[in-house]
Amino acid sequence: MLSYLATAALLTISAHAAPQAAMGNDPQQTRPEKTQAQPSGPMATRKPAALLRGLASFGAAAPGDGFAYVYGGHSGRAHEHNRDNVSGDFARRNLVDGHSWEALPGGPKVQGTSLVAWGGHLYRIGGMTAHNEAHESADMESIASVQRFNPREGRWFEETPLPQGRSSHDAWVIGNHLYVVGGWCLAGRGKAATWHES
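In short, a report on the structure.

Cut-offs and rules
Residues numbered from 1 in each chain as written. Predicted model: local features only at pLDDT ≥ 70, side-chain atom pairs only at ≥ 80, totals over all residues. Heavy atoms only, no water. Pairing = 2+ DSSP bridges. Helix = DSSP H or I, 4+ residues; strand = E, 2+ residues; numbered from the N terminus. Buried < 20%, exposed > 50% of the residue type's maximum accessible area, 1.4 Å probe, protein only. Axes fitted to C-alpha atoms, helices over the stretch in contact; angles between N-to-C directions. Contact = heavy atoms within 4.5 Å. Core = buried A, V, L, I, M, F, W, Y, C linked by side-chain atoms within 4.5 Å. Polar contact = N/O pair within 3.5 Å; in protein donor to acceptor, adjacent residues only side chain to side chain.

## With respect to the pairing of strand S13 (residues 170-174)
In step 1: Relative to strand S14 (residues 177-181), S13 is paired through five bridges, and the arrangement is antiparallel. In the strand pairing of S14, Ala171 is matched with Val180.
In step 2: Joining the antiparallel neighbours S13 and S14 is a turn of two residues, in which Gly175 adopts a positive phi near 65°.

Okay, here's the thing in structure tokens:
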């Protein structure tokens, strides 16, 4: 059971799975010592794979399964937001070979989202979406959506949403609790934006 704390309210998310020792969540687990060979020859100068496209303000997590996951983000110029430059793409980079990306099922187009790993799953928390076209004035909204991705099944599941929309916030897991702190609450075109103090 994973619970999260946001705006002074303790809420519960069902993780649908006990923490997986194989995913590195069992501090008592004894692991065999690993040695890693240093690359030589052509591998020594090979550059790591770049993102599928240039992005900023994306969510990222590495749950210990040999992959780093990246969700959403912004591909436009700073402070120029619209439907076309906010991404709902989701991908993972193979950390073992260090040179390949795999596209995964995406979802809502968001930037300033948090992505955290717990119990062999990934949680996407909040984020900002843009409702305007490129030629229109900004119409941005912080969302309260929380979704859980199961890498084994390759699908997303809806979880209990945040009490209010948040974007550009921080999130982390300590024990069985997901903490969500700070961030903007954007309410759309012409409405005042507020910063969460909790």
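## Topic: the pairing of strand S5 (residues 86-94)
In step 1: Taken across its nine residues, S5 has eight buried, putting it largely inside the fold.
In step 2: For strand S4 (residues 67-74) and S5, the ladder comprises seven bridges, and the chain directions are antiparallel. When the bridges of S5 are listed, Tyr71 appears paired with Phe90.
In step 3: Examined bridge by bridge, S5 and strand S6 (residues 101-104) share four bridges and lie antiparallel to one another. Paired with Ala91 across the strands is Ala103, a residue of S6.
In step 4: Hairpin geometry of S5 and S6 is characterised by an intervening segment of six residues between the two adjacent antiparallel strands and by a positive phi of about 70° at Gly98.

## Here we look at the sheet that holds strand S12 (residues 155-159)
In step 1: Taken together, four strands build an open sheet; the order of strands is S7-S8-S11-S12 and the sheet is antiparallel. Each having just a single partner strand, strand S7 (114-118) and S12 make up the two edges of the open sheet. Neighbour-to-neighbour, the strand axes of the sheet open up by a mean angle of 25°, direction not taken into account.

## Things to note about the environment of Thr129
In step 1: With respect to the helices and strands, Thr129 occurs in strand S9 (residues 128-130).
In step 2: For Thr129, a relative accessible area of 14% puts it in the buried group.
In step 3: Contact partners of Thr129, with chain neighbours within four places excluded, come to Lys109, Val110, Asp139, Met140, Glu141 and Ile143.

## Brief notes about the nonpolar core
In step 1: Judged by nonpolar contacts, Ala61, Phe67, Tyr69, Tyr71, Phe90, Leu104, Val110, Leu115, Leu122, Ile143, Phe149 and Trp156 together constitute the single largest core of twelve residues.
In step 2: The element contributing the most residues to this core is S4, with three residues.
In step 3: By size, the runner-up hydrophobic cluster in this structure holds nine residues, among which are Tyr123, Val146, Leu162 and Ala171.

## Some thoughts on the side chain of Glu159
In step 1: In this fold, Glu159 is placed in strand S12.
In step 2: The class for Glu159 is buried, based on a relative accessible area of 11%.
In step 3: Reaching out from Glu159, the side chain makes a polar contact with the side chain of Arg148 at a distance of 2.8 Å.

In short, geometric facts, not functional conclusions.
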